[in-house]
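Structure assessment
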Amino acid sequence: MSSRHKSTAFPWALLAIVLGGFALRLTWILVTRRHVHFGGDAGFYHDAANLLVDGKGFISPLFHRRVEAADHPPLYILWLAIPSLLGLRSQFDHLVWSAVLGAATIGIVGLTGREIAGRRVGLVAAGLAAVYPGMWVPDGSLMAETVAIFTTAAALFFAYRFWHTPGWSTLAWVGVAAGAGALSRSELILIVPLIVVPLAVLVPEFARKDRVRGIVAGAMGAVVLIAPWSIYNFTRFEKPEVLSTQFGVTLAAANCDGIWNGDLKSYFSIICAFDLERHLPKSWDQSQRDAADRAKALKYIGNHLDQLPGVVAARLGAIVGLYQPEQRIQLDGLVEGRGLRVARVAMYSFYALALLSVAGAIALRRRRTVPVFPLLVPPVIVLVTTAVVYASTRFRAPAEVSLCILTAIALDAGVRWTAQRRHGSRAPGAAVGTSE
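Note that the structure is a prediction, hence the values are computed from the model and not measured. (Residues numbered from 1 in each chain as written. Predicted model: local features only at pLDDT ≥ 70, side-chain atom pairs only at ≥ 80, totals over all residues. Heavy atoms only, no water.)

Thoughts on helix H5 (residues 119-131)
Relative to the 18 Å expected for 13 residues at 1.5 Å per residue, H5 spans 19 Å between its end C-alpha atoms, a close match to the ideal helical length. Taken residue by residue, H5 has Val121, Gly122, Ala125, Ala126, Leu128, Ala129 and Ala130 as its buried positions. (Helix = DSSP H or I, 4+ residues; strand = E, 2+ residues; numbered from the N terminus. Expected span 1.5 Å × (residues − 1). Buried < 20%, exposed > 50% of the residue type's maximum accessible area, 1.4 Å probe, protein only.)

Thoughts on the environment of valine 67
Here valine 67 lies in the loop between helix H2 (40-53) and helix H3 (75-85). For valine 67, a relative accessible area of 33% puts it in the partly exposed group. On a C-alpha basis, the gap between valine 67 and phenylalanine 206 in space is 49 Å, while along the polypeptide they are 139 residues apart. With residues near it in sequence (within four places) discarded, valine 67 still touches Phe58, Ile59 and Ser60. (Contact = heavy atoms within 4.5 Å.)

Quick word on the nonpolar core
Soluble globular proteins tend to bury their nonpolar side chains together. Grouped together as the largest cluster of nonpolar side chains are 60 residues, with contacts concentrated most on Ile116, Leu375 and Ile409. Per-element accounting of this core gives the leading share, 11 residues, to helix H7 (residues 145-164). With residues near it in sequence (within four places) discarded, leucine 375 still touches Ile116, Leu156, Tyr160, Leu364, Ser402, Ile405, Leu406 and Ile409. Of all hydrophobic cores here, the second largest spans 27 residues; its members include Phe38, Ala70, Met143 and Leu183. (Core = buried A, V, L, I, M, F, W, Y, C linked by side-chain atoms within 4.5 Å.)

Notes on the side chain of threonine 146
When you line up the elements, threonine 146 lands in helix H7. The buried category is assigned to threonine 146, whose relative accessible area is 1%. Polar contacts involving the side chain of threonine 146 include one to the main-chain carbonyl oxygen of proline 138, which spans 3.2 Å. A polar contact is formed between the side chain of threonine 146 and the side chain of aspartate 139, at a distance of 2.9 Å. Discounting residues that sit within four places of it in the chain, threonine 146 has contacts with Tyr76, Ser98, Leu101, Gly102, Pro138 and Asp139. (Polar contact = N/O pair within 3.5 Å; in protein donor to acceptor, adjacent residues only side chain to side chain.)

Focus on the packing of helix H4 (residues 91-117) against helix H19 (residues 397-423)
Where H4 meets H19, the closest approach of the two axes is 10 Å, and the angle between their N-to-C directions is 45 degrees. Here H4 lies oblique to H19, going by the angle between them. When you trace H4 past H19, the crossing you get is right-handed. Residue-level inspection shows Val109, Thr112, Ile116 and Ala117 of H4 in contact with H19, the latter providing Val401, Ile405 and Ile409. Split by residue class, the contact of H4 with H19 holds six nonpolar, one polar and no charged. (Axes fitted to C-alpha atoms, helices over the stretch in contact; angles between N-to-C directions. Parallel < 35°, antiparallel > 145°, perpendicular 65-115°, else oblique. Left-handed = near helix turned anticlockwise from the far one by under 90°. Nonpolar A, V, L, I, M, F, W, Y, C, P; charged D, E, K, R; others polar.)

So, the pattern of salt bridges
Scanning all chains against the criterion turns up 16 salt bridges. The salt bridge involving aspartate 412 is made with arginine 120; its shortest N-O contact spans 2.6 Å. Of the two residues, aspartate 412 sits in helix H19 while arginine 120 sits in helix H5, which places them 292 residues apart along the sequence. The class of aspartate 412 is buried, set by a relative accessible area of 3%. (Salt bridge = Lys/Arg side-chain N within 4 Å of Asp/Glu carboxyl O.)

Here's what the structure looks like:
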């Protein structure tokens, strides 16, 4: 096949995969999600977007409290506000709009796979992103993980683009993606120190002054995106809040006797948070409550340090499906609202991709064409987040991007190895080349 034909075939093949992935997401929404009434965080995002379009600003729609709110970073609310501006304000409308972003993520994953290891890996990675439940379940859940997955994929794409064509402006785009990610899930700001800084230091072609410029550009890319939201929060709350006021209540809900000494050691209980919140002055704003919740949770942890290793181990085991996996399926299916059948399929498919990802990381490391560590950063961020707060499958969303790409690399390596064995000799450049 000529290189010209390959270059024109790839985008058409990728587009077909993207459309197929969108069709799958839309089918799931139409068949099982259309008439679901979303509450909790999902209902918050939906109602907050409509309130924002109505000119109410960023306020809390929960419990009929029309107060200044930063329960969640704003990017997913802003995304849902786009169809609301056009009069498409229902939960179904917002679900379809989320599926649009999920389909776009498939394309980014495909481009990233091609950037890392060639066209075939790109198309296989996109195919996995299209059908793997860990990628499409969030798009039918009205949760910010849809944005987190997209921004993570974008950060990885620009990271590997930078490796091939170094330039401070490309690192700035990695920072922009990290900043956008932090405006959906706060922990994604860690992409800056864990990807931007090592890339700037390790890329061979950069002079020392260029490394400094690259790091500054990446950091500023994130800061410029986050700054308007942070400044806005500084003006409306008593205490400074950079991204979200929910960290305190999250810690309080996950660190109490009912959790640490109960059957849900890896999870949380909102009752723990409510027991604390009801003793706080009703006149306090969210930032004051956040500080009080955080202090109470940290005090509890400090008083029970001997139990902390066991709790953290349970959380880490649960996020990878090794600690009480049946309980995790029940939580995902019933509490998180995914449905038991979908939760079970998602768990088993995660096992498969996780195992293949290990092989993919080894294969990519042996090629020595690009670094492996950017693909390992999202899983590391997920593990850190889980250890600090609690285990929830939706927290794993950013890592699902890496799983799809690393699995594609493993499958591609298997195809090349099989082809070499069939021909009875090692293909030239197989150990270091990229697949077409």
